[in-house]
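# Descriptive structure summary
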Amino acid sequence: MIDKFRIEHNMEQVLCNTCKRINPEYHEMILQLKFEFFDNILEMKEQCMEILMKNFNTINKIDETDDGYTVYFRDHGQMNKVATLFGRRWLILDKRSAKIMGQDKMTQKSLFRHTQLLTLVNLNTKDTVQIKGIEYWIKAINKGGTLILRRTDNGAKHQSTYKMVKDYFQLIKKYDKTQDPSHLADQAKDEDLHSDLSEE
């Protein structure tokens, strides 16, 4: 008589890092791209999409939202590049976080999922703003994002980052150089100079 017996063996498939990263659902970083004080959101989305497609080849998926995009990257090492590229064109708010999602079964290292919330802010010099009820105009925006402000009532100087005053901040009026008398005067001078040169 032969005894029957059964052997159970649990097997688990482990993918290498390369195989995992080509999976369209795999991502190490989520970029949440949002906009503030922009009138034409569709135009902004087109500009941002062009930047993303031109400069990154590690994007697995892009979801469009009402106020921006959610972008999924295979490689979390893109955060600084993202901030640099968008920071060259707009004032930005850059908030980053990381959350442990598990452990790599091949290396035993903790796995993190990184999130970058990048807000593009449409502020420029000579815009009129209000902070805690006081009205200012923006004299300059430094490279680090510091706003150099002048009170509209007495010209007193004030400076702050947008991040520090965001909760008390209100955009009153965008500067329109076509309605600026000083700009129109300069433009008239240029036209007169061009006319004189043409006559010569």
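Residues numbered from 1 in each chain as written. Predicted model: local features only at pLDDT ≥ 70, side-chain atom pairs only at ≥ 80, totals over all residues. Heavy atoms only, no water.

This paragraph deals with helix 3 (residues 79-87). Count 3.6 residues to each turn of an α-helix, and residues three or four apart come out pointing the same way. Inspection of helix 3 places Met79, Val82, Ala83, Leu85 and Phe86 among the buried residues, and these make up the whole buried set. Elements that come into contact with the buried residues of helix 3 comprise strand 1 (29-36), helix 2 (41-55), strand 3 (68-73), strand 4 (91-103) and strand 5 (110-121). (Buried < 20%, exposed > 50% of the residue type's maximum accessible area, 1.4 Å probe, protein only. Helix = DSSP H or I, 4+ residues; strand = E, 2+ residues; numbered from the N terminus. Contact = heavy atoms within 4.5 Å.)

A positive phi is found at phenylalanine 37, a non-glycine position, where the angle reads about 70°. At lysine 126, a position not held by glycine, the phi torsion is positive, near 75°. Looking at where lysine 126 falls in the secondary structure, it is placed in the loop between strand 5 and strand 6 (128-131).

This part takes up the sheet that holds strand 3. With respect to topology, five strands assemble into an open sheet ordered 2-3-1-5-4, the strand pairing being mixed. Strands with a single pairing partner mark the edges of an open sheet, and in this sheet they are strand 2 (59-65) and strand 4. Across the sheet, the mean angle separating the axes of adjacent strands is 15° when strand polarity is ignored. As paired strands, strand 2 and strand 3 are joined by six bridges and run antiparallel to one another. Within strand 3, the residue paired with aspartate 63 across the bridge is threonine 70. Against the sheet, helix 2 engages strand 1, strand 2, strand 3 and strand 5, with an angle of about 175° to strand 2. (Pairing = 2+ DSSP bridges. Axes fitted to C-alpha atoms, helices over the stretch in contact; angles between N-to-C directions.)

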